[in-house]
Amino acid sequence: MGHEKIKRPKNFSKLKPLENNQAAVVAGWKFKIGAATSKKYTGFLDYTQRKSAINIKPDQISEANLKPQQRFDRFIDYTQRATATRVSDQNANATFNQQEDFLTPDKEKRLRQNLNSAQRNGSPLWQGYVSFSTQWLAENNIYDRQSGEVNQSLLRQAVRQGMRQLLTHEKFGKSAFWWGNIQFDTNHIHVHLGLAETKSTRPVQAGQRRGRLEQKSMEKFKSVVTRQIEQLGQSQTLAEQKILQKVIGKRKQTILNQVELSTAQLHAIEQALPVDQKKWTTRFANTPQMTAAVIVTREYIHQALKQLPEYHEWRSLIEKEAQANQKRYGTHSQNSAEHKEAALVKQLENQVWRELKEQPHEAKKLSVAMISAQFDQAARDANSQAIDALRQRLDDPAAQLTETQKKQMRGDLIIRKIARKQQQIKYQQADHVQLLARLHGFDHRELSVGDNYFLTQHAVRLAKEIDHLQTGHGNSLSFTDVINVQVGKVTPAMQAAIKSQLKQEMNWLNQADNLQLIRLVYPHQKNKAQVKQWLHDQTQIIEIKGQINVNQRQMDKCSTKQLASLKQQNKVLYQRLNGLINPTKKKREMQPMTAQNLYRQNRRFASRKQRKQLNQAVLYSAKRSMSLDETNKREASRAAKQHEALVQEIEAETQRPEISR
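Residue numbers here run from 1 along each chain, matching the order of that chain's written sequence. Since the coordinates come from a predicted model, pLDDT governs what is reported: local features require at least 70, and pairs of side-chain atoms require 80 or more to be given and counted, while whole-chain, interface and lining totals use all residues. Think of the side-chain values as coming from all heavy atoms in the structure, minus any hydrogens and water.

## Remarks on the overall build of the protein
- Each helix and strand counted, the protein has 22 helices and six strands in total.
- The burial tally for the protein puts 46% of its 661 residues in the buried class.
- A sequence separation of at least 24 residues applies to 78% of the contacts in the protein between residues at least 6 apart.
- Only the protein chains shown count as cover for residues, and the accessible areas themselves come from Shrake-Rupley with a 1.4 Å probe. For the protein, the computed accessible surface area is about 36200 Å², with 50% contributed by carbon and sulfur atoms. Starting at the N terminus, helices and strands are each numbered in turn, a helix being any DSSP run of H or I of at least four residues and a strand any DSSP run of E of at least two. In this scheme, a residue with accessible area under 20% of its type's maximum is buried, one over 50% is exposed, and one in between is partly exposed, where area comes from a 1.4 Å probe on protein chains only. Residue contacts are defined here by distance: any two heavy atoms, one from each residue, within 4.5 Å place the two residues in contact.

## Focus: the nonpolar core
- We call a set of buried residues a nonpolar core when its members are Ala, Val, Leu, Ile, Met, Phe, Trp, Tyr or Cys and they connect through side-chain atoms within 4.5 Å of each other. Ile 255, Ile 269, Leu 273, Leu 305, Leu 344 and Trp 353 are the most contacted members of the largest nonpolar core, which totals 37 residues.
- Elements supplying a minimum of two residues to this core: helix H7 (236-258), helix H8 (263-272), helix H9 (291-306), helix H10 (309-329), helix H11 (336-358) and helix H13 (377-395).
- The element contributing the most residues to this core is H9, with eight residues.

## A closer look at the packing of aromatic side chains
- Only Phe, Tyr and Trp rings are paired, with Trp represented by its six-membered ring, and only when their centres lie within 6.5 Å; those with planes under 30 degrees apart are stacked, over 60 edge-to-face, the remainder tilted. Applying the stated criterion to the full structure yields five aromatic pairs.
- Between Phe 96 and Trp 178, the ring centres sit 5.9 Å apart and the planes meet at 85 degrees, which makes this aromatic pair edge-to-face. Of this pair, Phe 96 sits in the loop between helix H2 (75-79) and helix H3 (105-120) while Trp 178 sits in strand E3 (residues 176-183), placing them 82 residues apart in sequence. In terms of burial, Phe 96 and Trp 178 fall into one category: buried.
- Taken together, a centroid distance of 6.2 Å and an interplanar angle of 35 degrees make the contact between Tyr 311 and Trp 314 tilted. One end of the pair is Tyr 311 and the other is Trp 314, both in helix H10 and three residues apart, which spans about a single turn.
- Under the relative-accessibility criterion, Tyr 311 is labelled buried at 11%.
- Given a relative accessible area of 1%, Trp 314 falls into the buried group.
- The rule is short: NZ of Lys or CZ of Arg within 6 Å of the ring centre and within 35 degrees of the ring normal puts a charge over the ring. One Lys or Arg, Lys 279, reaches over the ring of Phe 284 and ends 5.7 Å from the middle of that ring.
- Positioned over the ring face of Tyr 427 is Arg 380, at 3.8 Å from the centre of the ring.

## A word on the packing of H13 against helix H14 (residues 403-440)
- Where H13 meets H14, the closest approach of the two axes is 10 Å, and the angle between their N-to-C directions is 155 degrees. Classified by the angle their axes make, H13 and H14 are roughly antiparallel. The two elements H13 and H14 meet at a crossing, and its hand is left-handed. Listed contacts from H14 to Ala 379, Arg 380, Asn 383, Ser 384, Ala 386, Ile 387, Leu 390, Arg 391, Arg 393 and Leu 394 of H13 are Lys 406, Met 409, Arg 410, Asp 412, Leu 413, Arg 416, Lys 417, Ala 419, Arg 420, Gln 423, Gln 424 and Tyr 427. For helices, the axis comes from a line fit to the C-alpha atoms of the stretch in contact; other axes are also lines fit to C-alpha atoms, and the angle between any two N-to-C directions lies between 0 and 180 degrees. Note that the term roughly parallel is reserved for angles under 35 degrees, roughly antiparallel for angles over 145, roughly perpendicular for angles of 65 to 115, and oblique for everything else. Two helices crossing with the near one rotated counterclockwise from the far one by less than a right angle form a left-handed crossing, whereas a clockwise rotation gives a right-handed crossing.

## Some words on the sheet that holds strand E2 (residues 124-132)
- Should DSSP find at least two bridges between two strands, the strands are regarded as paired. Read from one edge of the open sheet, four strands run E1-E2-E4-E3, paired in antiparallel fashion. Edge strands, defined here as strands with exactly one partner in the open sheet, are strand E1 (25-33) and E3. Taking the axes of each pair of neighbouring strands and ignoring which way they run, one obtains an average angle of 15 degrees across the sheet.
- Direction of pairing for E1 relative to E2: antiparallel, over a ladder of nine bridges. Bridge assignment links Val 26 to a residue of E2, and that residue is Ser 131.
- Against the sheet, helix H5 (residues 152-169) engages E1, E2, E3 and strand E4 (190-197), with an angle of about 150 degrees to E3.
- Seen against the sheet, helix H6 (residues 215-232) touches E1, E2 and E4 and runs at an angle of roughly 140 degrees to E1.

## Some points on the pairing of E4
- Along E4, eight of the eight residues are buried, which leaves the element largely enclosed by surrounding structure.
- Side chains of E4 alternate between two faces, with His 190, His 192, Gly 194 and Ala 196 and Val 191, Leu 193, Leu 195 and Glu 197 buried alike.
- Where E2 and E4 come together, six bridges link them in antiparallel fashion. Looking at the pairing, Gln 127 lines up with Gly 194 of E4.
- Relative to E4, E3 runs antiparallel, the two being bridged by eight bridges. By the bridge assignment, Gln 183 is partnered in E4 with His 190.
- Counted between consecutive antiparallel strands, the loop separating E3 from E4 contains six residues.

## Re the pairing of E3
- For E3, a buried count of eight out of eight residues is recorded, marking the element as mostly surrounded by other parts of the structure.
- Side-chain alternation along E3 places Ala 176, Trp 178, Gly 180 and Ile 182 on one buried face and Phe 177, Trp 179, Asn 181 and Gln 183 on a second face that is also buried.

## Observations regarding a positive patch on the surface
- Surface patches are defined over residues having more than 30% relative accessible area and no salt bridge, joining like charges when they lie within 9 Å and nonpolar side chains (Val, Leu, Ile, Met, Phe, Trp, Tyr) when within 5 Å. We define a salt bridge as a contact between a side-chain nitrogen of Lys or Arg and a carboxyl oxygen of Asp or Glu at a distance within 4 Å. Only four residue types enter the tally: Lys and Arg on the positive side, Asp and Glu on the negative side; His and the chain ends are excluded. By convention, the point assigned to a charge is CZ for Arg, NZ for Lys, CD for Glu and CG for Asp. A surface patch of like charges, here positive, comprises Lys 220, Arg 227, Lys 242, Lys 246 and Lys 250.
- Sorting the residues of the positive patch by element identifies H6 and H7 as the ones contributing at least two each.
- Of all the elements, H7 adds the most residues to the positive patch, at three residues.
- As for its placement among the helices and strands, Lys 220 is situated in helix H6.
- On the basis of relative accessible area, Lys 220 is assigned to the partly exposed category, the value being 38%.

Nothing here speaks to function; it is geometry throughout.
Structure follows, in structure tokens:
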């Protein structure tokens, strides 16, 4: 197989354009699988050291000894061509390796022999490149803006450190060898690299040696080269970065020391954790047994982090560091801020679970007052997730719970369900108090008679509901949430009371015209027409739930034929009910969801059957995330996309018009 010719505009001038918004370092690798019958590997050596790219005399290369262009052994000539490389001694070879800055003819001959041996033994041939931003090289004292001279010695040192890291990370054997050439024939100074093994130690897959390098190895190679240049060039940027990293590390340690969860939160996490304490680590975070515990733990950790000023300061620092990294490696590179955030959360998860292992059981007693002390949206969601986790563990035969554990968990489940009602009552009471205060503070002077009537009636309604809530009558029929009320608890009396209240609100609304006042009472609706539709939907929802409940009661004492008819009726009613609760004109396509979102949506579905199906979807999602095949496919796809992005970035850059100095 011949070498694929790289088409790029030539720039043989010593002075290179100083670009803007260019990644500091761009690197890429590809490989070829060879055999004894394949075209020669040494063609790649010819390619890297070809006459047109390096400063060697034309008579030093014997064209008569070379095969046609398809030969790999010509790649060496390409990378060390006279127009691309610069050497002080015109008789020297521009190819360098781990030990030598310039190869003698004998050592170049030995390199070609090694390539032929690698080809005969079926070793892959890796072809790599590293391209540098001229502006960045100048900032790091490698490139002279006035003369165009480049400190090739420091570039070779940086590449050697990067290759040493690559060989170590990929576990290459002692027979591995590599070479490189620094080239100057394009807008950007770059290095061509070749790598092979005389006796390959790579694992065999489908009858061939594995050629793909790990993404982490390639990223580490680029990172090492970048840092070496900054360090060898003694740039101010590197010094500032080291200071920033020290500050980030200190802030992180402060956060780890200050994050504390309440006893109620720790108990909720403990109830979601599996019985086997060996699984209480982030290594098992993707297993089905840990799904519920991970959701609850992360929810509480994020709540605690948002309350810490040190966390917000740390977050701004890592974002500043991420911007500097993207300037170095390009916008396509991994966001280091998100990576550090995920690492911090994982460390806190292990810290919380370790604390639960160590603390005595007596300190974990649960109570309704303890849970209901917090009743904001996040606290209510966390309590509901803990309830779901308890139910799941009690229903899971693989949990292998003892009778004592089951008894304790059932007791905790009852406490949490009572606490959830209390949380809802407190939240509703606080919401009513705030709304009533806003109504009292509303400017009455410019309101019409109908608007004043609307405002007065709602103020009376809110005052009455607040009184009932404060005196412990929060479960009164008039204040039941229409959407979340269970079908089995919709009695005729409840249905009549709710419909009467909704009818009154519709009458009050018909007399109001002030949009600002209407949106104050109904903040989730945009205009009067939407409020009317919402009230109408609420009436339909309670009617449908009442009819479903009646049908379910009749099923216990009806014939088989009637039973089938009632089931069909309920199926149609549930479809209408879900259409009212989740109104969508177009059917949404099924999209992958996180386990946390699945748990949150679980409480919004009307039927028990739908909730059960959704719980099964949660388990399927967790199991699928553990699939090695799926993981490998995702990693391979991501690596291919990143490599393609690197190639496109290089090609796009080379097509830009040269910047005049």
